[in-house]
Amino acid sequence: MDKIKIAIQKSGRLYDDSVKLLKDCGIDLKNGVNKLKAECDNFPMEIYFLRDDDIPQYVEDAVADIGIVGENVFYEKKKKAEIVEQLGFGKCRLSVAVGRSEQYDGVDFLHGKKIATTYPVLVQQFLDKNSIKAEIHEISGSVEIAPGIGLADAIVDLVSSGSTLFMNGLKEVETVLKSQAVLIRNEQLGARQQQLLEKFLFRIRAVKKARNNKYVLLNAPNDKLPEIIRLLPGMKSPTVLPLAEAGWSSVHSVLSENDFWDIIEQLKDAGAQGILVVPIEKMVI
Ligand code: ATP
Ligand code: MG
């Protein structure tokens, strides 16, 4: 096989971001009518669309060479595969929640309780780590209604905003796992697949870097330049170009998303004007 086979979620919360990542990596999917498998013209890759729960198994069995799946599913399934990269989307946490009126004062609350979840392996690990004996009820969906119908005293489920818990009269009390989408790989890739994975990873990293950074252009009076340059890290050091108007310069640099607002404010205070912020498409260092 001359191509690398990747498994991604067929539909659901990871689908859009997984397809977008491929597109941003310059991989154009030829979308067939039946969405089971897609090919692409400009990268030797074949894309399989699967239930997320099945992806770790397919990667272990080398039906797919690599896959995109939530860490929550990856650690729950305990399949033989390796995480190669965190992808920065699909962020959520696996949390313990109890009825809002319960008096919760620590994990010991869970002793002897019934816990409903779709993640029995991760919950058991969490209980063992905290030396708690509790009964796990594995259910396949709608976990959040279990306490309300008397099926369980607590639940362990995925949370992002917490609004589902709130609507069901529950409160979040512990985090079992923080999760995001990851790229996983089969443990024994052939030389060709290994080479293609490295090519793909190189692109993923450039896309991730670009997403985390912005290109900033601003004008500054020359006497303010030293202070402004000190505020701008840039990839090496900022680019400074003279403006047509004497005594002024244009300064270009790259800022990380994390400290972006902080630095923009400081730049303004230091005398920067006409600040432009532009998204970066790819970034290779
Ligand atoms: P499938 O049909 O593929 O089995 P699913 O219903 O099991 O899909 P989704 O609800 O689409 O799964 O979620 C897929 C993944 O998205 C989760 O395993 C998790 O990693 C991530 N995710 C991010 N935020 C949330 C959230 N608020 N709730 C549930 N999953 C989330
Ligand atoms: Mg699933």
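Residues numbered from 1 in each chain as written. Chains lettered and ligands numbered in written order. Predicted model: local features only at pLDDT ≥ 70, side-chain atom pairs only at ≥ 80, totals over all residues. Heavy atoms only, no water.

An order of S2-S3-S4-S1-S5-S12-S6 is seen for the seven strands of this open sheet, with the pairing classed as mixed. Only two strands of the sheet have a single partner each, and these edge strands are strand S2 (29-30) and strand S6 (82-86). Bridge analysis of strand S1 (residues 4-9) against strand S5 (residues 66-70) gives two bridges, and the strand direction is parallel. When the bridges of S5 are listed, isoleucine 6 appears paired with isoleucine 66. (Pairing = 2+ DSSP bridges. Helix = DSSP H or I, 4+ residues; strand = E, 2+ residues; numbered from the N terminus.)

A few words now on the pattern of salt bridges. This structure, assessed with the given rule, holds eleven salt bridges. For lysine 3, the salt bridge identified is with glutamate 39, shortest N-O distance 2.7 Å. Remark: glutamate 39 occurs in strand S3 (residues 37-40) and lysine 3 occurs in the segment before S1; sequence separation between them is 36 residues. Within this structure, Lys20, Asp24 and Arg211 form a network of salt bridges that share partners. (Salt bridge = Lys/Arg side-chain N within 4 Å of Asp/Glu carboxyl O.)

A word on helix H1 (residues 15-24). Restricting attention to buried positions, one finds in H1 the residues Tyr15, Ser18, Val19, Leu21 and Leu22. In an axial view of H1, the angular spread of the buried residues amounts to 155°, which keeps them on one side of the axis. Contacts made by the buried residues of H1 are with S1, S2, strand S4 (45-50), S5 and helix H6 (191-211). Phi turns positive, to about 80°, at glycine 26, one or two residues after H1. (Buried < 20%, exposed > 50% of the residue type's maximum accessible area, 1.4 Å probe, protein only. Arc of directions from axis to C-beta. Contact = heavy atoms within 4.5 Å.)

Turning to the coordination of the magnesium ion (ligand 2), a few remarks are in order. Protein coordination of the magnesium ion (ligand 2) is provided by Asp52 (OD) and Asp53 (OD), with donor distances spanning 2.0 to 2.1 Å. For aspartate 53, a relative accessible area of 28% puts it in the partly exposed group. (Donors = N, O, S within 2.8 Å, 3.2 Å for Na, K, Ca; no water.)

Now for a negative patch on the surface. On the surface, Glu227, Asp259, Asp262, Glu265 and Asp269 cluster together into a negatively charged patch. Among the elements that line the negative patch, the one with the most residues is helix H8 (residues 260-269), at three residues. Tracing the chain through its elements places glutamate 265 in helix H8. (Patch = residues over 30% accessible without salt bridge, like charges linked within 9 Å, V, L, I, M, F, W, Y side chains within 5 Å. Areas by Shrake-Rupley, 256 points an atom, 1.4 Å probe, with all protein chains shown as cover. Lys, Arg positive; Asp, Glu negative; His and termini not counted. Charge placed at Lys NZ, Arg CZ, Asp CG, Glu CD.)

Our next topic: the side chain of lysine 5. Summarising the element assignment, lysine 5 is placed in strand S1. In this structure, lysine 5 is buried with no salt-bridge partner, the nearest side chain bearing the opposite charge being aspartate 65 at 4.9 Å. Of note is the side chain of lysine 5, whose polar atom sits 3.4 Å from the backbone oxygen of valine 63. In this structure, lysine 5 is in contact with Glu46, Tyr48, Ala62, Val63, Ala64, Asp65 and Ile66, ignoring residues within four places of it in sequence. (Polar contact = N/O pair within 3.5 Å; in protein donor to acceptor, adjacent residues only side chain to side chain.)

Listed under "domain: ATP phosphoribosyltransferase catalytic" (unreviewed entry) in the UniProt record, and renumbered for this structure, are residues 51-205. With 28% helix and 30% strand, residues 51-205 has end C-alpha atoms that lie 26 Å from one another. (UniProt positions renumbered as here; feature names shortened; annotations may be inferred.)

For helix H4 (residues 120-129), every residue scored as buried is listed here: Pro120, Leu122, Val123, Phe126 and Leu127. The arc that holds the buried residues of H4, viewed along the axis, is 165°, so those residues lie on one side. Pointing more than 90 degrees away from the buried face of H4 are the exposed residues Asp128 and Lys129. Here the buried face of H4 lies against helix H3 (71-77), strand S7 (92-99), strand S8 (114-117), strand S9 (135-138), strand S10 (154-159) and strand S11 (170-179). Positive phi shows up at serine 131, right after H4, with a value of about 50°.

This part is about the packing of aromatic side chains. Under the counting rule described, the total for this entry stands at four aromatic pairs. Ring geometry for tyrosine 104 against phenylalanine 109: centres 5.2 Å apart, planes inclined by 55°, an arrangement best described as tilted. The pair tyrosine 104 / phenylalanine 109 is uniform in exposure class, with both members buried. The positively charged end of arginine 100 is found above the aromatic ring belonging to phenylalanine 166, 4.4 Å away from the centroid. In this structure, lysine 113 packs its charged tip against the face of phenylalanine 109, placed 3.9 Å from the ring centre. (Phe/Tyr/Trp six-rings, centres within 6.5 Å; stacked < 30°, edge-to-face > 60°. Lys NZ or Arg CZ within 6 Å of the ring centre and 35° of its normal.)

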